[in-house]
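Structural description and commentary
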Amino acid sequence: MEINGKTELFCLIGSPVGHSGSPAMYNYSFQKTNLNCAYLAFDVKLEETEAAVNGLKTLGCSGFNVTMPCKTRAAELADELSDAAALIGACNTMVIKDGKLYGHNTDGIGFVKNLKEHGVDVKDKVMTVMGAGGAATAIQVQSALEGAREIHIFNRRDEFYANAENTAKKIEERVPGVKVNVYPLEDEQKLYEKIGESHILVNATKVGMKPMEEESLIKDTRVFRENLVVADAVYNPRETKMLQEAQAAGCKIALGGIGMLLRQGEAAFRIFTGENMPTEEVYEKFF
Ligand code: NAD
């Protein structure tokens, strides 16, 4: 990679970013697609978001990814939002063009694309999604935008519960034809009943992620059946307890969160450059 006076800058903002795999992934992809672009990571705290974004605009940065804790603030700063970013209220991918800031959210796009890569289309499907945080909201919104018929959201009665209700309201107001219901995760009987009516079950909570890797929200594994598609947003560990138990119970499709992570990056690369990321190579080298 040769950096010169015409090299375009892309970057990641958020805090912490030191552990991020994004610079390696994007710089490799720029090189492979012969693009004169470079990608850096900048540690930006929440209260620094606006100053950082203004600085990037001034310097002519072409686009940037946003991670925690800046995603919601970034959406507030955008001049225009994609439908998904507007409904989610958070951005992970932003483009600067002619001084204007365009906000996108590719997390849900990554989730839906990963399912498609495994032969599953969310269109007309009934889904049960556990969770109401960032990942869950993105999955719920994108699934609704791509034609899911009904979404059952389950979350424990914590500080995220109101977010689930808010997401349900926004989706029903703005996406015609989708029904969204919210239930407390504590109502296990209701959870199993709704999974029984669903084509797709998703865990988008932190349960199953280290240090909760010995836990699964599905205590009664009899709810798993062969044709239930099971997906986890968690990618650390690669295969959560829920996925292992789903497979053991005969579920044909049980997908971890790593595919979603890969595909959200792929989608961001396309938004940034208009080119296809060398996804398979990126997966082999960096995931
Ligand atoms: P968040 O903090 O925004 O939301 C946390 C969610 O977990 C909430 O719904 C909360 O109620 C729930 N939760 C936490 N502890 C719980 C418990 N003990 N019992 C039941 N529910 C509990 O987090 P997030 O950013 O949405 O991340 C959630 C998971 O998704 C993490 O494991 C994260 O690594 C993963 N994630 C994956 C991708 C991907 O691309 N695969 C993208 C984003 C996040």
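Residues numbered from 1 in each chain as written. Predicted model: local features only at pLDDT ≥ 70, side-chain atom pairs only at ≥ 80, totals over all residues. Heavy atoms only, no water.

1. Thoughts on the site of the ligand
- In the vicinity of the ligand, 22 residues are found, and the nearest of them are Ala135, Asn155, Asp158, Met209 and Gly257.
- Between the ligand and Gly134 there is a distance of 2.9 Å, counted from an oxygen atom to a backbone nitrogen or oxygen.
- Measuring from an oxygen atom of the ligand, one finds a side-chain N or O atom of Asn155 at 2.7 Å.
- Relative to its free-state accessible area of 850 Å², the ligand is covered by the protein chains to the extent of 83%.
- Secondary structure elements with two or more residues in the shell around the ligand: helix H6 (134–145) and helix H10 (258–273).
- Grouping the amino acids of the shell around the ligand by side-chain chemistry returns 13 nonpolar, six polar and three charged. (Near = heavy atom within 4 Å. Polar contact = N/O pair within 3.5 Å; in protein donor to acceptor, adjacent residues only side chain to side chain. Areas by Shrake-Rupley, 256 points an atom, 1.4 Å probe, with all protein chains shown as cover. Helix = DSSP H or I, 4+ residues; strand = E, 2+ residues; numbered from the N terminus. Nonpolar A, V, L, I, M, F, W, Y, C, P; charged D, E, K, R; others polar.)

2. A word on the confidence of the model for the protein chain
- Per-residue confidence for the protein chain gives a mean pLDDT of 97, with 100% of residues at or over 70.
- Complex prediction metrics read pTM 0.97 and ipTM 0.99. (pLDDT = per-residue confidence, 0-100.)

3. Details of the packing of helix H5 (residues 107–117) against H10
- Viewed as axis vectors pointing N to C, H5 and H10 meet at an angle of 115°, and their least axial separation amounts to 7 Å. You can see that H5 and H10 cross each other, and the crossing is right-handed. When H5 is examined against H10, the residues Asp107, Ile109, Gly110, Phe111, Lys113, Asn114 and Glu117 are found in contact with a partner set consisting of Gly259, Met260, Arg263, Gln264, Glu266 and Ala267. (Axes fitted to C-alpha atoms, helices over the stretch in contact; angles between N-to-C directions. Left-handed = near helix turned anticlockwise from the far one by under 90°. Contact = heavy atoms within 4.5 Å.)

4. Brief notes about helix H2 (residues 49–59)
- Within the span of H2, buried status applies to Thr49, Ala52, Val53 and Leu56. Along the long axis of H2, the arc covered by the buried residues comes to 95°, so they all point the same way. The exposed residues of H2 that point more than 90 degrees off its buried face are Ala51 and Thr58.
- Immediately downstream of H2, the backbone of Gly60 shows phi near 80°, a positive value. (Buried < 20%, exposed > 50% of the residue type's maximum accessible area, 1.4 Å probe, protein only. Arc of directions from axis to C-beta.)

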